[in-house]
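# Structural features, examined
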Amino acid sequence: MYKIRYIGDPVLRRETRPIETFDAQLEKTINNMIVTMHREEGIGLAAPQVGYSIKLCVVDISSIYENEGPRAFINPLIVESWGEETLEEGCLSIPDVRDDVSRPEGIRLQYTDENGQGHEERFDGWMARVLQHEIDHLNGILFVDYLPPFKRRIWQQKGLLPENY
Ligand SMILES: [Zn+2]
């Protein structure tokens, strides 16, 4: 299991590198990330959140939709998006901060699975939302970056968001 990196940690702002080797080490990293995500009661976790600057995230929305399970997405790339939806987001790296964020409601995603197999798939609903949040992590972007300044100030005044992050 891994320790969560929190806002202010420079690894969260770093551009991640693509994964080129699909070996037992990668499988172990994926499994450890899934265990960590479950322990922290998250529905998604990106590699930088546990200190790895690589293009990997895991998602498990089975707490919302029973028939879903944990999935790994390697080198994910959003190739198309549509619609708009406002939903409340949170992040394991920014404890106790939750706020509304508008994002496209659907996406078409290219990604590689843990066996090195490439896929293209459409997602909507919570899968699309969580994937967009996690893919932002792979590009050094945090959901609070989307908040208007007055909302950021409110969270800063509560002491839940650092002054510089
Ligand atoms: Zn997050």
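Residues numbered from 1 in each chain as written. Predicted model: local features only at pLDDT ≥ 70, side-chain atom pairs only at ≥ 80, totals over all residues. Heavy atoms only, no water.

### Brief notes about the coordination of the zinc ion
The criterion, for reference: Keep in mind that water is not among the atoms, so a site may look incomplete; donors are the N, O and S atoms within 2.8 Å of the metal, or 3.2 Å for Na, K and Ca. Helix and strand definitions follow DSSP, with helices as H or I runs of at least four residues and strands as E runs of at least two, each counted in order from the N terminus. Buried, partly exposed and exposed residues are distinguished by accessible area as a fraction of the type maximum, computed with a 1.4 Å probe on protein chains only: under 20%, between the cut-offs, and over 50%, respectively.
With distances of 2.1 to 2.3 Å, the protein atoms coordinating the zinc ion are Cys-91 (SG), His-133 (NE2) and His-137 (NE2). Each donor residue of the zinc ion belongs to the same chain, with the gaps between them written as C-x41-H-x3-H. Within this pair, whereas Cys-91 is found in the loop between strand S4 (85-89) and strand S5 (99-103), its partner His-137 is found in helix H2 (residues 125-138), the two being separated by 46 residues in sequence. Just as Cys-91 is buried, His-137 falls in that class too.

### Some points on the environment of Pro-95
By the element assignment, Pro-95 lies in the loop between S4 and S5. With a relative accessible area of 37%, Pro-95 lands in the partly exposed category.

### With respect to the pairing of strand S3 (residues 71-82)
Counted only if it meets this: Strand pairing is assigned whenever DSSP detects at least two bridges linking the two strands.
Where strand S2 (residues 56-59) meets S3, four bridges bridge the pair, whose relative direction is antiparallel. Bridging from a neighbouring strand, Val-59 pairs with Arg-71 of S3. Where S3 meets strand S6 (residues 106-112), six bridges bridge the pair, whose relative direction is antiparallel. Residue pairing in the sheet places Glu-80 in a bridge with Arg-108 of S6.

### Re the sheet that holds strand S1 (residues 44-46)
Selection rule: As a rule, the C-alpha atoms of each element are fitted with a line to give its axis, helices using only the stretch in contact, and angles between N-to-C directions run from 0 to 180 degrees. Between two residues, a contact is recorded if the distance between any of their heavy atoms is within 4.5 Å.
Spatially, S1-S2-S3-S6-S7 is the arrangement adopted by the five strands of the open sheet, whose pairing is antiparallel. Edge strands, defined here as strands with exactly one partner in the open sheet, are S1 and strand S7 (118-124). Neighbour-to-neighbour, the strand axes of this sheet turn through a mean angle of 40°, independent of strand direction. Across the sheet, helix H1 (residues 24-39) lies against S1, S2 and S3, angled at about 45° from S2, the strand it touches most.

### Considering the environment of Ile-78
Its place among the elements puts Ile-78 in strand S3. Each C-alpha atom, one on Ile-78 and one on His-38, is 25 Å from the other, the two residues being 40 residues apart in sequence. In this structure, Ile-78 is in contact with Ile-107, Arg-108, Leu-109, Gln-132 and Ile-135, ignoring residues within four places of it in sequence.

### As for the nonpolar core
The condition is simple: Residues grouped as a nonpolar core are buried Ala, Val, Leu, Ile, Met, Phe, Trp, Tyr and Cys residues, joined through side-chain atoms within 4.5 Å.
Ile-30, Met-33, Leu-45, Leu-56 and Val-58 are the most contacted members of the largest nonpolar core, which has 16 residues in total. Among the elements of the structure, H1, S2 and S3 are those that each provide at least two residues to this core. For Val-58, the contacting residues outside a window of four places in its chain are Ile-30, Met-33, Ile-34, Met-37, Ile-43, Gly-44, Leu-45, Arg-71 and Ala-72. If you look at the next biggest cluster of nonpolar residues, it comprises 15 residues, including Ala-46, Val-59, Met-127 and Ala-128.

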